[in-house]
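Close look at the chain arrangement
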Amino acid sequence: MFPSCVVGGSRTTVPLVTRCFQQQQQFRYGLKTASAAARFLRTGTCVGQFDSFGGVRDDRFGSFRSYTSANTGSSCLKMTGAAKKYQTVERGAQNSTDYRVFFKTEEGQSVSPLHDIPLYANDAKTVYNMVVEVPRWTNAKMEISLAEGLNPIKQDVKKGKLRFVANCFPHHGYIWNYGALPQTWENPDHLDPNTGCKGDNDPIDALEIGSRIAKRGEVVQVKILGTVALIDEGETDWKVITIDVNDPVADQLNDVNDVDKVFPGLLKATVEWFKIYKIPDGKPENQFAFNGEAKDAAFATKVVEETHKFWRTLINKEIEDTGISCLNTTVEGSPYLVASDAAEEVLAKSANGGNSEPQSDAIGKWHFREENAYSKL
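The structure reproduced in this document is the subject of the present report. (Residues numbered from 1 in each chain as written. Predicted model: local features only at pLDDT ≥ 70, side-chain atom pairs only at ≥ 80, totals over all residues. Heavy atoms only, no water.)

**Some remarks on the overall build of the protein**
- Within the protein, the regular secondary structure consists of six helices and 23 strands.
- For the protein, with 377 residues in total, the buried portion stands at 52%.
- In the protein, the share of contacts with a sequence separation of at least 24, taken over all contacts with a separation of at least 6, comes to 66%.
- Summed over its atoms, the accessible surface of the protein is roughly 17,300 Å², and 48% of this surface lies on carbon and sulfur atoms. (Helix = DSSP H or I, 4+ residues; strand = E, 2+ residues; numbered from the N terminus. Buried < 20%, exposed > 50% of the residue type's maximum accessible area, 1.4 Å probe, protein only. Contact = heavy atoms within 4.5 Å. Areas by Shrake-Rupley, 256 points an atom, 1.4 Å probe, with all protein chains shown as cover.)

**Here we look at the nonpolar core**
- Of all hydrophobic cores here, the largest spans 51 residues; its most connected members are F103, W176, I209, W273 and F274.
- For this core, the element with the most residues is helix α4 (residues 266–276), which contributes six residues.
- The residues contacting F103, other than those within four sequence positions of it, are Q87, T88, Q109, S110, V111, P113, I117, V131, I153, G217 and V219.
- Judged by nonpolar contacts, the second largest core, of 22 residues, contains C197, I224, I231 and V304. (Core = buried A, V, L, I, M, F, W, Y, C linked by side-chain atoms within 4.5 Å.)

**Observations regarding the pairing of strand β15 (residues 177–180)**
- Covered by surrounding structure in β15 are N177 and G179 together with Y178 and A180, the residues of both alternating faces.
- Here strand β9 (residues 128–134) runs beside β15; their pairing, made up of three bridges, is antiparallel. Note on β15: the bridge partner recorded for V131 is A180. (Pairing = 2+ DSSP bridges.)

**Side note on the environment of I117**
- By the secondary structure assignment, I117 is in the loop between β8 (110–111) and β9.
- Measuring from C-alpha to C-alpha, the distance between I117 and K104 comes to 10.0 Å, with 13 residues separating the pair along the chain.
- Sequence-distant contacts of I117, that is, excluding residues within four places in its chain, are made with Y86, F103, S112, N129, V131, P182, Q183 and V219.

**Concerning the pairing of strand β7 (residues 100–105)**
- Most of β7 sits out of view: six of its six residues are buried.
- Residues R100, F102 and K104 line one face of β7 and the alternating positions V101, F103 and T105 line the opposite face, and both faces are buried.
- In this structure, strand β6 (residues 86–91) lies alongside β7, joined through six bridges in antiparallel fashion. When the bridges of β7 are listed, T88 appears paired with F103.
- In this structure, β7 lies alongside β8, joined through two bridges in antiparallel fashion.

**Details of helix α5 (residues 297–315)**
- For α5, spanning 19 residues, the distance from its first C-alpha to its last is 27 Å, which sits close to the expected 27 Å at 1.5 Å a residue.
- The set of residues buried in α5 consists of A297, F299, A300, V303, V304, T307, H308, F310, W311, T313, L314 and I315.
- In this fold, the buried residues of α5 make contact with β9, β17 (219–232), β18 (235–244) and β20 (295–296).
- The residue sitting at the N-terminus of α5 and contributing the capping side-chain oxygen is D296; that oxygen lies 3.3 Å from the backbone nitrogen of A298.
- Immediately downstream of α5, the backbone of K317 shows phi near 65°, a positive value. (Expected span 1.5 Å × (residues − 1). Polar contact = N/O pair within 3.5 Å; in protein donor to acceptor, adjacent residues only side chain to side chain.)

**Section: the pattern of salt bridges**
- In total, this model carries 14 salt bridges according to the counting rule given.
- Here K239 makes a salt bridge to D237, at a shortest N to O gap of 3.0 Å.
- In this structure K239 comes out as buried when scored by relative accessible area, which is 2%.
- Of the charged contacts in the structure, one is a salt bridge between K261 and D258, with a shortest N-O distance of 3.8 Å. Here D258 and K261 lie together in helix α3 (residues 256–262), a separation of three residues that amounts to about one turn. (Salt bridge = Lys/Arg side-chain N within 4 Å of Asp/Glu carboxyl O.)

Take it as geometry only, folks, not as evidence of what the structure does.
Below, the structure written as structure tokens:
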């Protein structure tokens with residue numbers, strides 16, 4: 001069986017191949033008829049059904065494969081099966097300390113976004129799952145709860161109050177879709193030779209820089225472009241730069257040097273954002289390893305692989321007393337593996353009420369630079 005391919009509203013059938021196509025842009029913009037498509041497809045450079053962003057649909061699997069252009073010299077990024085879908089369950093009143101976002105599979109099985117959602121989204125390990133904690137342009141500091149069973153997303157609390165990041169002019173809220181790569185852990189006992197600092201005991205952070213504002217709790221398939229190494233209060237806090245593989249310009253970004261070409265100024269703004277975002281709280285500027293220079297995709301990938309290995313020691317109980325709940329429903333061989341009904345019990349016992357707090361003034365307030373600091377006014 002060959003997959004069918006739709007071009008310009010017409011359908012044709014072509015053999016499936018798995019190599020990148022050099023004429024991707026020509027195909028996307030230059031071929032309008034089925035006959036032209038058929039001639040092009042006979043070259044063996046295209047497979048499946050193209051979406052409007054240049055993704056490829058293999059009808060045998062019902063999934064989109066995302067390819068990079070061969071003339072960039074980069075390797076293909078292809079999905080070999082449909083990305084697993086997840087649904088979220090909100091508990092507690094929004095804008096309250098009781099608010100939680102739990103995760104379930106499409107079939108309704110409760111899962112931990114930290115432990116049960118796989119790090120890799122394809123067999124080639126070139127596409128990654130990212131759990132979105134904070135949609136772009138929002139201020140609420142939402143994060144995966146490490147201490148709670150099933151690790152729901154909750155809002156960070158400081159001095160008993162819900163935490164919001166300040167708007168340090170000209171930035172408003174988070175300037176990317178912000179979240180975490182599942183099945184990773186920055187080991188606080190590991191001294192990173194690149195930064196000279198130990199890990200921060202969190203999953204590795206991911207910044208998705210594409211054009212779409214994601215939703216809280218969404219699981220996005222991304223490719224890694226690079227990383228910056230924030231030193232946050234003496235701890236290594238990697239920030240991995242990614243882009244949704246289905247973004248309209250994803251095929252134009254394959255490494256960190258491409259970011260400034262497609263999104264001029266974003267890398268500089270990213271470093272500045274992390275450097276200054278705590279100043280309105282009375283804290284000093286954050287520091288960076290490598291003088292704030294972003295490292296490339298190959299470097300970032302190695303960092304992610306290492307944190308994935310650390311996570312394995314965590315989920316296999318080779319390391320204990322980390323304060324992290326490792327309850328999971330899918331990780332075979334894990335001492336923390338529980339049956340679905342036990343997971344449902346955790347969800348059922350979670351708070352489902354609470355009082356919403358008034359909207360924080362921080363959401364609308366600007367903080368301007370004054371004498372190398374941001375005012376608290």
